[in-house]
Amino acid sequence: MYKKILIAIDGSPTSDKVLASVINVAGAGATIRVIYVVEDPITSLPSLYGEYYDVEPVREALVAEGHKLLALAKARLLAKGFDAKTHLIDLRQLGGDTPEAIKAEVTAWAADLTILGTHGRRGVRRLLLGSVAEHFMRISDGPVLLIRSGERPSVSAGLSAAIIQSAPSLETDHA
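Residues numbered from 1 in each chain as written. Predicted model: local features only at pLDDT ≥ 70, side-chain atom pairs only at ≥ 80, totals over all residues. Heavy atoms only, no water.

Caption draft 1: Summary view of the packing of helix α5 (residues 98–109) against helix α7 (residues 132–139). Where α5 contacts α7, the axes come no closer than 8 Å and their chain directions differ by 45°. The orientation of α5 with respect to α7, classified from their angle, is oblique. In the packing of α5 onto α7, the handedness of the crossing is right-handed. Where α5 abuts α7, its residues T98, P99, E100, I102, K103 and V106 lie against V132, H135, F136 and I139. Grouping the constituent residues of the contact of α5 with α7 by class yields 6 nonpolar, 2 polar and 2 charged. (Axes fitted to C-alpha atoms, helices over the stretch in contact; angles between N-to-C directions. Helix = DSSP H or I, 4+ residues; strand = E, 2+ residues; numbered from the N terminus. Parallel < 35°, antiparallel > 145°, perpendicular 65-115°, else oblique. Left-handed = near helix turned anticlockwise from the far one by under 90°. Contact = heavy atoms within 4.5 Å. Nonpolar A, V, L, I, M, F, W, Y, C, P; charged D, E, K, R; others polar.)

Okay, structure coming up:
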């Protein structure tokens, strides 16, 4: 069982599944660090007329939402008996992108396992929106547990999570 688990949340139903899934992999006395990454709206909401929009209220709302979600996640984990920590990462101050910020946090905190949700986007949506989970898996040095959103049937029916390491993958079925 893992003792230091880092979870990245984004407020989606998939994040709820990530929080519920940690119970299955956390060892007794495990510490769980929940992070929320706030992207800078100037870089994540580009516009031809960007100089005419005041994106600061959007950023403030994202930061407030992040703090709220982290508090709810911490309360949920504490209620389950886990030692829970939270951290809001602001990319305006840190720079880079979300996968890189998650990796930096994993390294700085020396996490044994990282758990991320994957929304299962395909086609044009994936091309336009990208995949934080996929990018993170490519740059991660440690084990990663991906939790599928469950919004679409997967190619492998019933597969909801896989721990992916540099070694061959270990797949688990959560029907």
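Text resumes after the structure shown.
Caption draft 2: Molecular detail of the pairing of strand β5 (residues 144–148). Judged by how many residues are buried, β5 sits mostly within the fold: 4 of 5 residues are covered. As paired elements, strand β4 (residues 113–118) and β5 share 5 bridges and run parallel to each other. What sits directly across from T118, in β5, is R148. (Buried < 20%, exposed > 50% of the residue type's maximum accessible area, 1.4 Å probe, protein only. Pairing = 2+ DSSP bridges.)

Caption draft 3: Here's a closer look at the environment of Y36. By the element assignment, Y36 lies in strand β2 (residues 26–38). On a C-alpha basis, the gap between Y36 and G11 in space is 8.8 Å, while along the polypeptide they are 25 residues apart. Look past the residues within four positions of Y36 in its chain and what remains in contact with it is I9, D10, L62, E65, G66, L69, L70, H87, L88 and I89.

Caption draft 4: Focus on the packing of helix α1 (residues 13–25) against helix α3 (residues 56–79). Put simply, α1 and α3 touch, their axes get as near as 11 Å, and they point 25° apart. Between α1 and α3, the interaxial angle falls into the category roughly parallel. Between α1 and α3 lies a crossing of right-handed hand. Between α1 and α3, the contacting residues are D16, L19, A20 and V22 on the first element and A73, R76 and L77 on the second. Residues that form the contact of α1 with α3 fall into these classes: 5 nonpolar, no polar and 2 charged.

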